[in-house]
Amino acid sequence: MKAHELRDLTLTELEARLNDERSALQNLRFTKSVTGQLENPARLRNHRREVARLVTIIKEKSSAE
């Protein structure tokens, strides 16, 4: 999702998405370590960026309250 779309979500929805993204990233890292390769290695980068985006927006929202 884009950052402006994420800013419309509530704090609990953002935290739930963050947990989902972190678990997906962990699964990709595990798959890479076991098999040695991924079908689409760019997914790692996309998930890392999404986690960073979510953390940033959560911090923005929590500091504004």
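Keep in mind that what you see is a predicted model, and the values were worked out from it rather than measured.

(A) Region of interest: the pattern of salt bridges. Applying the stated rule across the entire model yields 3 salt bridges. For Glu60, the salt bridge identified is with Arg7, shortest N-O distance 3.2 Å. You can see Glu60 sitting in helix 3 (residues 42-64) and its partner Arg7 sitting in the loop between helix 1 (3-6) and helix 2 (11-35), a full 53 residues away along the chain. Classification of Arg7 by relative accessible area gives partly exposed; the value is 40%. The salt bridge partner of Glu50 is Arg53, with a shortest N-O separation of 2.6 Å. Placement of both Glu50 and Arg53 in helix 3 is noted, with a separation of 3 residues, approximately one turn of the helix. For Arg53, a relative accessible area of 31% gives the class partly exposed. Residues joined by salt bridges that share partners form a network here, namely Arg17, Glu50 and Arg53.

The rules we used
Residues numbered from 1 in each chain as written. Predicted model: local features only at pLDDT ≥ 70, side-chain atom pairs only at ≥ 80, totals over all residues. Heavy atoms only, no water. Salt bridge = Lys/Arg side-chain N within 4 Å of Asp/Glu carboxyl O. Helix = DSSP H or I, 4+ residues; strand = E, 2+ residues; numbered from the N terminus. Buried < 20%, exposed > 50% of the residue type's maximum accessible area, 1.4 Å probe, protein only.

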